[in-house]
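Architecture at a glance
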Amino acid sequence: DSIFLFKAGNYLGFTYEKIGAKKIENGKFRFDGEFSHAEMYFVGTNNQPKLPIYISTDKIVIEGNFENPEELKIIDAKINERLLEFEAKLELAQSSQQELEMIDAFIQSEPDSPLNPYLILNYRYQIGNFEELNHLYNLMDLSLRAHPYSMKVKSQMKVLELVQQGKLAPEIISKDSAGLERRLSSLRGSYVLIEFWASWCSPCREENSALVKLHQEFKLKNANFEIFGVAAEFDKSRWLSAIKEDKLPWINVSLVSGFEDKALVNYGIKSIPASLIINPEGRIIARGLKGEELRNKLSEVLKN
C-alpha cells in the first residue's frame, strides 16, 4: 500500500539509500523534495527498489502497475529519457574501447549534461586507468565538479595517479593463508606479478589455471620471477579452499574484507582480475595485462 523512494548508494545499482515512503491513496502517490544534484534514484514497492530514474529538476509522472515494472510509463523525465536513449546505443558497443569512445564523444558534445558524472562513475570508474578517468573528468563543465559522483571519480584518480607505470609500488602488508604476516617488499630483487583475485570470481579462477602454468614455466628456466596474490575475499574458508583447489604455489594474502582490503584500496582496484608487474627495484612496469600479453611482457623483461 506504499511506494518507496531510494537513492543509489556508493555502488550504483547495488546499494541504496532509502529516502522515504508514501501511502497510495486513490491509486496515486506524490513525492516532493529538494536536492542539489541530478542523481540516480529508484522507485519501488515492498521496500524494494525496482524502477531506476535519473531525477533532475523535471516534474516526473509515473503511470502504470508496479506489479509489472517493465510496463510502467515515465512521463516528462527529459534527463532520464536522454540517458535511456544513450544507454541503448552503448549496448551496441563491440568492445570496452568503443564504449569509452562513445562516452568521450557524448561528454564532448554535451559537457554540461548532468548525466556526465553518472556515465563516468557507472561505466568507467571500476575499470578506467588514471589517464582515462582524468581525460573524461576534464571534459566535463566545471559546474559538474561538485557533483558527488564527480568527487568519487576524483578520489579514485588521486589513488590511481600514485600507481601509474614508473611509480614505486606501495607496500602491501597482509596475512597469508597460514595467518603469517607477509610483505610485498620481501620479494624485492625479483620481478613480481601482483595478482588481485577472489575465490568467488570465475574469470579469476580461470586466470589462475593459466598463471600456474606460467609460473611453472618460468621456474623451470630459473627465472627471477615471483607471484604475489591478493584476494578481495569475504569468506576465509572459501579462499583457503580455492588456493588448495587451484594449487597456487605462490604467496597469497588477504585481510578478508573484500574491496575494502587495504591493498586493493591503495592500488585503486575496483574490479578483478587485475594485475601489475613490478621490477626488482619495486617499480611498476606494466598493469592490466593477461593471457599472451602478460606472457610476452614477462618473457621480454626476464630475458633482458
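About the criteria used
- Residues numbered from 1 in each chain as written.
- Predicted model: local features only at pLDDT ≥ 70, side-chain atom pairs only at ≥ 80, totals over all residues.
- Heavy atoms only, no water.
- Salt bridge = Lys/Arg side-chain N within 4 Å of Asp/Glu carboxyl O.
- Helix = DSSP H or I, 4+ residues; strand = E, 2+ residues; numbered from the N terminus.
- Buried < 20%, exposed > 50% of the residue type's maximum accessible area, 1.4 Å probe, protein only.
- Pairing = 2+ DSSP bridges.
- Axes fitted to C-alpha atoms, helices over the stretch in contact; angles between N-to-C directions.
- Contact = heavy atoms within 4.5 Å.
- 1 Å grid on protein atoms, 1.4 Å probe; cavity = no way out; pocket = protein on both sides within 12 Å on 5 of 7 lines; lining within 4 Å.
- Points joined across faces, edges and corners; volume = space filled by probe spheres on them.
- Disulfide = S-S within 2.5 Å.
- Polar contact = N/O pair within 3.5 Å; in protein donor to acceptor, adjacent residues only side chain to side chain.

Another aspect to go through is the pattern of salt bridges. Counted under the stated rule, the structure contains 17 salt bridges. The salt bridge partner of aspartate 246 is arginine 205, with a shortest N-O separation of 2.6 Å. Of this pair, aspartate 246 sits in helix 7 (residues 236-246) while arginine 205 sits in helix 6 (residues 202-220); the two residues are 41 residues apart in sequence, bridging distant segments of the chain. Relative accessible area serves as the criterion here: at 18%, aspartate 246 is assigned to the buried category. Classification of arginine 205 by relative accessible area gives partly exposed; the value is 21%. Between arginine 295 and glutamate 292 there is a salt bridge, with its nearest N and O atoms 3.7 Å apart.

Taken together, the five strands give an open sheet; going across it, the order is 11-10-9-12-13, and neighbouring strands pair in mixed fashion. Two strands bound the open sheet, and with one partner strand each, they are strand 11 (251-253) and strand 13 (284-287). For this sheet the average axis-to-axis angle between neighbouring strands, irrespective of direction, equals 20 degrees. Sheet topology note: the strand 10 (residues 225-231)/strand 11 ladder contains three bridges and is parallel. Residue pairing across strands places glycine 229 opposite asparagine 252, the latter belonging to strand 11.

Judged by how many residues are buried, helix 3 (residues 116-123) sits mostly within the fold: seven of eight residues are covered. Buried residues of helix 3: Asn116, Pro117, Tyr118, Leu119, Ile120, Leu121 and Tyr123, and no others. On its buried face, helix 3 is in contact with strand 3 (39-44), strand 4 (51-55), helix 1 (78-90), helix 2 (96-109), helix 4 (130-139) and helix 5 (148-161).

Bringing the layout of surface pockets into the picture now. Estimates place the volume of the largest pocket at around 1100 Å³. If you trace the largest pocket, you find 38 residues lining it, with Phe29, Arg30, Phe31, Asp32 and Ile60 closest to the centre. Broken down by element, the residue count for the lining of the largest pocket peaks at four residues, all from strand 1 (residues 2-8). For the second largest pocket, the calculated volume is near 570 Å³. As for the second largest pocket, its lining consists of 24 residues, of which Ile127, Gly128, Asn129, Ser271 and Gly288 are closest to the centre.

Glancing now at the sheet that holds strand 3. The antiparallel open sheet is built from four strands, whose spatial order is 2-1-3-4. What marks the edges here is a single partner per strand, and that holds for strand 2 (16-23) and strand 4. Averaged over all pairs of adjacent strands, the angle between strand axes in this sheet comes to 25 degrees, irrespective of strand direction. The pairing of strand 1 with strand 3 spans four bridges and is antiparallel. The residue of strand 3 that forms the bridge with leucine 5 is valine 43. Contacting strand 3 and strand 4, helix 1 runs over the sheet at an angle of about 115 degrees to strand 4.

Before going further, it helps to spend a moment on the state of the cysteines. If you walk through the whole model with that rule in mind, you get one disulfide. The disulfide bridge from cysteine 201 ends at cysteine 204, spanning 2.3 Å between sulfur atoms. Looking down the S-S bond of the cysteine 201 and cysteine 204 bridge, the torsion is 75 degrees, so its handedness is right-handed. Cysteine 204 matches cysteine 201 in its accessibility class, with the two residues each being buried.

Here serine 275 lies in strand 12 (residues 274-278). The exposure class assigned to serine 275 is buried, which follows from its relative accessible area of 6%. Within the local environment of serine 275, its side chain forms a polar contact with the backbone oxygen of leucine 289, the two atoms lying 2.9 Å apart.

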